[in-house]
Amino acid sequence: MEKMEIKLMHDSFTEEELDAVMNCLRSGEYTQGRIVKEFEEAFARWNGSKYGVMVNSGSSANLIMVALLKEKYDFQDGDEIIVPSVTWPTTIYPLIQYNLKPVLCDVDESFNISLESIRRMLSPRTKAIFLVHLLGQPANMSEIIQLCKDKNIILIEDCCESLGSSYNKIKVGNFGIMGSFSFYFGHHMTTIEGGMVVTDDSEIYDLLKSIRSHGWVRGSSRVEKYKALYDNTDFIFDMMGYNLRSTNINAALGLIQLKKLDSSLLVRKKNHELFESILRNSKKVKLQKVNFGETTSFSFGLLCNSKEERDFVLKYLPKQGIECRPIVAGNLIRQPVFQKLKNKYINDICLYADAIHDNGLYLPNNQFIDEEKVKYMAEKVIELLNIYEKLNIVNSRGFKNDLLGK
Ligand SMILES: Cc1ncc(COP(=O)(O)O)c(C=O)c1O
């Protein structure tokens, strides 16, 4: 097969997006306004949620969700929040920033949080689960929802890698009281930088809007409460907040990208099935187990048999034109920042997360990847694993080989 170039992130903007941005710039309405509102409504509708609050990144979406937990639910310092140990660090930073105690649990073959680990780590101080749906794969929702009900625990969802994935036909972001999304470049859809929180609760919606914008009362329904107290409620602030707003320009991109989303997700899904069927037959690697609901395949995640084998594949796949990388940030406990924050969190023994950290990698999937490219990637992975096997045999006999001309 002729060499192909396959990147992890692919530019998906067309003339349509460029026109939308130019129209926005010509209109003079740049900052958060009418188009952001339109995008929030369209996105919430698409996701089957009542409300959307757009922010400038997925990390900001997580931050305002955690701020909301402290504001509305009166969580106390040191209250425990269950999280998986394999996720992006900004799922967890806001918890520490708000003096909550993240409880890092192990994951399982789906690369999502392990139920056994959650059960091991529950305590009387457990107040919430901050669930993450990793690489497009929804978590085991029915068990987790039941557990939250039984223990009276709040559920929030980080859906930044799983836009559009569903469980029992319900899209992620709708299982807890709110869910976050990222529109970073190269994700399922993009506004270059951007994020969203969805919720069905009007009070949460109202508070999230204020946390996003300086703690401002303006634009929230709380304004009514202050009318009796102030002649002018335009500049009333009743809580601490940030400026995490996006712009009409980013939202204009979002509106166009949203129109193309369903067809892009179909391509990702088809690619995922093909990739899985080739590699499953080869029996050479462990694939992310797609056991619950419908994946929207952020990428192709897999585990090699050892760290050495994984590092070998990571090193030589790019030489075949295929960009690849370790899985998300691995086991976060092993990241230097979490070593520094050691007294700020609790963790279970995270053996599967360690396996992902050492042996895991992921390959590109997006709407520009076709059957031929999927086959090329799968074949190259198998080819490299075969070479690695041969090299190992030679080495174990005591020969130094230079098959790769290192
Ligand atoms: C699980 C998860 N949460 C949060 C984020 C943060 O999103 P952003 O990069 O838009 O800040 C990411 C980033 O990809 C992510 O993978």
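A. Region of the structure containing the overall build of the protein chain. The helix and strand inventory of the protein chain stands at 13 helices and 13 strands. Relative to a compact globule of 406 residues, whose C-alpha radius of gyration would be 22 Å, the protein chain shows 23 Å and is just as compact. In terms of overall dimensions, the protein chain has a C-alpha envelope of 85 × 55 × 40 Å along the principal axes. Among the 406 residues that make up the protein chain, the fraction classed as buried is 55%. Across the protein chain, contacts joining residues at least 24 apart in sequence account for 73% of those joining residues at least 6 apart. Total accessible area on the protein chain is roughly 18,400 Å²; 51% of this is exposed by carbon and sulfur atoms. Across the protein chain, the mean location of the 51 positive side-chain charges is 3 Å away from that of the 52 negative side-chain charges.

B. Region of the structure containing helix α9 (residues 248-282). The first and last C-alpha atoms of α9 sit 48 Å apart over 35 residues, in line with the 51 Å expected at 1.5 Å per residue. The sharpest bend along α9 measures roughly 50° and falls at L261. Count one or two residues on from α9 and you reach K283, which has phi positive near 55°.

C. Seen up close, the pairing of strand β3 (residues 101-105). Judged by how many residues are buried, β3 sits mostly within the fold: four of five residues are covered. Looking at chain direction, strand β2 (residues 80-84) and β3 are connected through five bridges and run parallel. Across the sheet, the residue bridging to E80 is K101, located in β3. Pairing between β3 and strand β12 (residues 346-347): two bridges, direction parallel. Considered in β12, the bridge of L104 is made with N347.

D. Molecular detail of the pairing of strand β13 (residues 360-364). Along β13, five of the five residues are buried, which leaves the element largely enclosed by surrounding structure. Direction of pairing for strand β11 (residues 299-303) relative to β13: antiparallel, over a ladder of five bridges. Across the sheet, L303 pairs through a bridge with G360, a residue of β13.

E. Examining the domain arrangement of the protein chain more closely. Domain annotation for the protein chain reports domain 1 (15-256) and domain 2 (261-396). The straight-line distance from the C-alpha centre of domain 1 to that of domain 2 is 27 Å. Taken together, the 44 residues of domain 1 in the interface contact 44 residues of domain 2. Viewed at the interface, domain 2 and domain 1 are joined by two salt bridges. In this structure, D348 and R120 form a salt bridge, with 2.8 Å as the shortest nitrogen-oxygen distance. Taken together, domain 1 and domain 2 are joined by 21 residue pairs in polar contact (both at pLDDT 80 or more). Within the residue set of the side of domain 1 that touches domain 2, elements represented by two or more residues are α4 (93-97), β3, α5 (115-121) and β6 (166-167). Ranked by residues supplied to the side of domain 1 that touches domain 2, first place goes to β3 with five residues. Residue composition of the side of domain 1 that touches domain 2, grouped by class: 23 nonpolar, 14 polar and seven charged.

F. Main features of helix α12 (residues 351-359). Buried residues of α12: A353, I356, H357, D358 and N359, and no others. Lining the buried residues of α12 we find β11, α10 (307-316) and β13.

G. Focus on the side chain of H187. Positionally, H187 belongs in the loop between β8 (178-182) and β9 (195-199). Of note is the side chain of H187, whose polar atom sits 3.4 Å from the backbone oxygen of C160. Within polar-contact distance, the side chain of H187 engages the side chain of S182 at 3.2 Å. Among all residues touching H187, those that are not within four sequence positions of it are C160, S182, R268 and F298.

Thresholds, definitions, all that
Residue positions are given per chain, counting from 1 as you read along its sequence in written order. Residues qualify for local features only when their pLDDT is at least 70, as the model is predicted, and side-chain atom pairs are given and counted only at 80 or more; totals for whole chains, interfaces and linings, by contrast, use all residues. The side-chain numbers reported here are obtained from all heavy atoms of the structure, hydrogens and water having been left aside. Numbering goes from the N terminus for both helices and strands, where a helix is a DSSP run of H or I of at least four residues and a strand is a run of E of at least two. Every radius of gyration here is taken over C-alpha atoms, with the globule rule written as 2.2 Å times N^0.38, N being the number of residues. Between buried and exposed lies partly exposed: a residue is buried under 20% and exposed over 50% of the maximum accessible area for its type, with that area taken using a 1.4 Å probe on protein chains only. Whether two residues are in contact is decided by their heavy atoms, any of which lying within 4.5 Å being enough. For the accessible areas, the method is Shrake-Rupley and the probe is 1.4 Å, while residue cover comes only from the protein chains on display. Charged residues are defined here as Lys and Arg on the positive side and Asp and Glu on the negative side; His and the ends of the chain fall outside this count. By convention, charge coordinates are those of NZ in Lys, CZ in Arg, CG in Asp, or CD in Glu. How far a helix is expected to stretch is found by multiplying one less than its residue total by 1.5 Å. Bend at a residue means the angle formed by two fitted axes: the first through the 7 residues ending at that position, the second through the 7 residues beginning there. A pair of strands is treated as paired once DSSP finds two or more bridges between them. By convention here, the domain bounds are inherited from an automatic or database domain assignment. A side-chain nitrogen of Lys or Arg and a carboxyl oxygen of Asp or Glu constitute a salt bridge if their distance falls within 4 Å. Two N or O atoms count as a polar contact when they lie within 3.5 Å, although within protein this holds only if one can serve as hydrogen donor and the other as acceptor, and sequence-adjacent residues are included solely when both atoms are side-chain atoms. Three classes are used: nonpolar for Ala, Val, Leu, Ile, Met, Phe, Trp, Tyr, Cys and Pro, charged for Asp, Glu, Lys and Arg, and polar for all others, with Gly counted as polar.

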